[in-house]
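One-letter residues, chain by chain:
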Amino acid sequence: MIITSTKNRIVVETTKLSQRKYRWQRKLFIAEGQKIIELAMQSQKMPCQIFFAEELLKTSESEALLNVFKNMKIDIIYVDKKVMTKMSQLETPTCFLGVFDMAEYSFDNCMKQNDNKNLNKLVLILDRLQDPGNLGTLIRIADSVGAFSVILLSPCVDPFDMKVVSASMGSIFSVPLIIRDDISECLNEIKKKFKIIGTDTVKGEIPWKTNIFEGSLAILLGNESRGLDQTLNEYIDDFVTLPMLGKSESLNVAIAGGVLSYEWLKYNWEISINNEK
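One structure accompanies this document, and this report is about it. (Residues numbered from 1 in each chain as written. Predicted model: local features only at pLDDT ≥ 70, side-chain atom pairs only at ≥ 80, totals over all residues. Heavy atoms only, no water.)

**So, the pattern of salt bridges**
Side-chain pairs of opposite charge can arise where the charged atoms are in close proximity. Formally: Any carboxyl oxygen of Asp or Glu that lies within 4 Å of a side-chain nitrogen of Lys or Arg is treated as forming a salt bridge with it. A run of H or I in DSSP becomes a helix once it reaches four residues, and a run of E becomes a strand once it reaches two; helices and strands are each numbered from the N terminus. Burial classes follow relative accessibility: with a 1.4 Å probe on protein chains only, a residue under 20% of its type's maximum area counts as buried, one over 50% as exposed, and anything between as partly exposed.
Taken as a whole and assessed by the stated rule, the structure comprises nine salt bridges. Put simply, Asp-229 and Arg-128 hold a salt bridge, and the shortest N to O gap is 3.5 Å. A residue pair is termed long-range when its members are at least 10 positions apart, and Asp-229 in the loop between β10 (217–221) and β11 (238–240) and Arg-128 in the loop between β6 (122–127) and α7 (132–144) qualify at 101 residues. Since its relative accessible area comes to 16%, Arg-128 is described here as buried. Where Glu-263 meets Lys-266, a salt bridge forms, and the shortest distance between an N and an O atom there is 3.0 Å.

Below is the structure:
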């Protein structure tokens with residue numbers, strides 16, 4: 001049966017997942033498009049439901065993925081183009097829309113699952129970020145450098161917002177996300193295992209002129225508009241700064257996070273590569 005009404009109960013309830021309160025009530029979120037859904041499945045995160053609009057089917061690859069869903073006995077809900085357009089948050093809807101369970105992690109559980117004493121670890125701590133594009137990009141960066149986890153200090157943008165999911169390009173399914181509102185307790189917990197560095201344009205050292213990136217590290221990045229909250233300085237072990245040689249006054253937080261993350265990887269490259277072998 002193909003659902004043709006946008007007022008269908010399942011369609012209405014799933015469309016509500018575009019709102020934060022309904023996502024967290026049901027512990028579900030939406031991911032759209034073949035590429036992101038395939039990346040989720042590669043990370044062993046299987047969709048609870050797949051909405052499929054045959055009118056939007058354009059490639060043999062999409063048809064093959066549909067057969068994969070059928071073989072895996074995943075719940076497939078067939079809808080027409082009008083319904084998919086209503087449900088989609090993309091400018092150009094695709095033939096697939098997936099509903100996924102939220103994965104919940106704690107710092108202790110992540111440490112137990114990654115207890116390799118010979119492996120230096122990286123954590124990104126994001127201080128009350130508000131922009132979904134920045135958060136999604138930082139999750140993608142964390143995945144790219146093999147980060148241990150991304151810790152979000154609340155209140156912050158919802159990591160399961162569709163814009164975050166899209167900007168992460170599937171990395172949201174492979175990087176453990178931890179949301180904490182007990183900031184002091186959280187940072188003290190992290191300090192027991194990691195050296196914490198923050199950014200400061202006055203007292204910070206230029207990363208490639210210091211060796212503070214060696215070993216397990218937590219990079220603390222500030223809010224887009226306010227920067228790093230000064231009350232967090234007491235938890236920071238070292239400060240770094242990125243030199244600005246032109247007329248620009250600052251870097252976007254996601255760009256700065258990318259530079260610092262790859263600087264950490266440069267110092268820990270051999271250990272990271274050997275661990276992958």
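**Observations concerning the packing of helix α3 (residues 34–42) against helix α4 (residues 60–71)**
Helix packing geometry: the angle between the two helix axes and the distance between the axes. Formally: For every element, the axis is a line fit to its C-alpha atoms; helices are fit only across the contacting stretch, and the angle between N-to-C directions ranges from 0 to 180 degrees. These descriptions rest on fixed angle ranges, namely under 35 degrees for roughly parallel, over 145 for roughly antiparallel, 65 to 115 for roughly perpendicular, and the rest for oblique. Working rule for handedness: look at the near helix, and if it is turned counterclockwise from the far one by less than a right angle, call the crossing left-handed; if clockwise, right-handed. Here, two residues are considered to be in contact whenever any of their heavy atoms come within 4.5 Å of each other. Ten residue types, Ala, Val, Leu, Ile, Met, Phe, Trp, Tyr, Cys and Pro, are classed as nonpolar, four, Asp, Glu, Lys and Arg, as charged, and the remainder, Gly among them, as polar.
One way to put it is that α3 packs onto α4 with a least axis distance of 11 Å and a crossing angle of 40°. As summarised for this structure, α3 and α4 are arranged oblique, according to the angle between their axes. Crossing hand, α3 versus α4: left-handed. Residues Gln-34, Ile-37, Glu-38 and Met-41 of α3 pack against Glu-61, Ser-62, Leu-65, Val-68 and Phe-69 of α4. Classifying every residue of the contact of α3 with α4 gives five nonpolar, two polar and two charged.

**Regarding unusual backbone geometry**
Here the amide bond leading from Ser-154 into Pro-155 is cis, since omega sits at 5°, within 30 degrees of zero. In this fold, Pro-155 is placed in the loop between β7 (149–153) and α8 (162–168). One non-glycine residue, Lys-27, lies in positive phi territory at about 55°. Relative to the helices and strands, Lys-27 resides in the loop between α2 (20–26) and β2 (28–32). In this structure Lys-27 comes out as partly exposed when scored by relative accessible area, which is 32%. The backbone of Gln-44 sits at a positive phi, close to 65°, despite the residue not being glycine. As for its position among the elements, Gln-44 is in the loop between α3 and β3 (49–52).

**A word on α4**
Every α-helical turn comprises 3.6 residues, leaving residues that sit three or four positions apart pointing alike. Note the cut-off: Helix span, expected: 1.5 Å multiplied by one less than the number of residues in the helix. As used here, the arc belongs to the directions running from the helix axis to the C-beta atoms.
The end-to-end C-alpha separation of α4 is 17 Å, in line with the 16 Å expected for 12 residues at 1.5 Å each. Those residues of α4 that sit buried are Ser-62, Leu-65, Leu-66 and Phe-69. The buried residues of α4 occupy an angular sector of 105° when the element is viewed end-on, so they sit on one face. Facing away from the buried surface of α4 by more than 90 degrees, the exposed residues are Ser-60 and Asn-71. The inward-facing, buried residues of α4 abut α3, β3, β4 (75–79) and β5 (96–101). Lys-73 sits one or two positions beyond α4 and adopts a positive phi of about 60°.

**Re the packing of aromatic side chains**
Just so we agree on the cut-off: Stacked, edge-to-face and tilted are the three classes for Phe, Tyr and Trp ring pairs, Trp counted by its six-membered ring, which pair at centre distances within 6.5 Å; planes under 30 degrees apart are stacked, over 60 edge-to-face, the rest tilted.
A complete count under the given rule lists 12 aromatic pairs for this structure. Consider the rings of Phe-148 and Phe-194, whose centres lie 5.8 Å apart with planes at 40°: the pair is tilted. One end of the pair, Phe-148, is in the loop between α7 and β7; the other, Phe-194, is in the loop between α9 (183–191) and β9 (195–199), and 46 residues separate them in sequence. The residues Phe-148 and Phe-194 share a single accessibility class, namely buried. Pairing Phe-213 with Tyr-267 gives two aromatic rings, centres 6.3 Å apart and planes at 20°, and the pair type is stacked. Linking Phe-213 in the loop between β9 and β10 with Tyr-267 in helix α10 (residues 253–267), this pair joins segments that are 54 residues apart in sequence. The exposure class assigned to Tyr-267 is partly exposed, which follows from its relative accessible area of 26%. Within the aromatic cluster, the residues linked to one another by ring pairs are Trp-24, Phe-29, Phe-100, Phe-160 and Phe-173.

Spatial relationships are all this shows, so hold off on functional conclusions.
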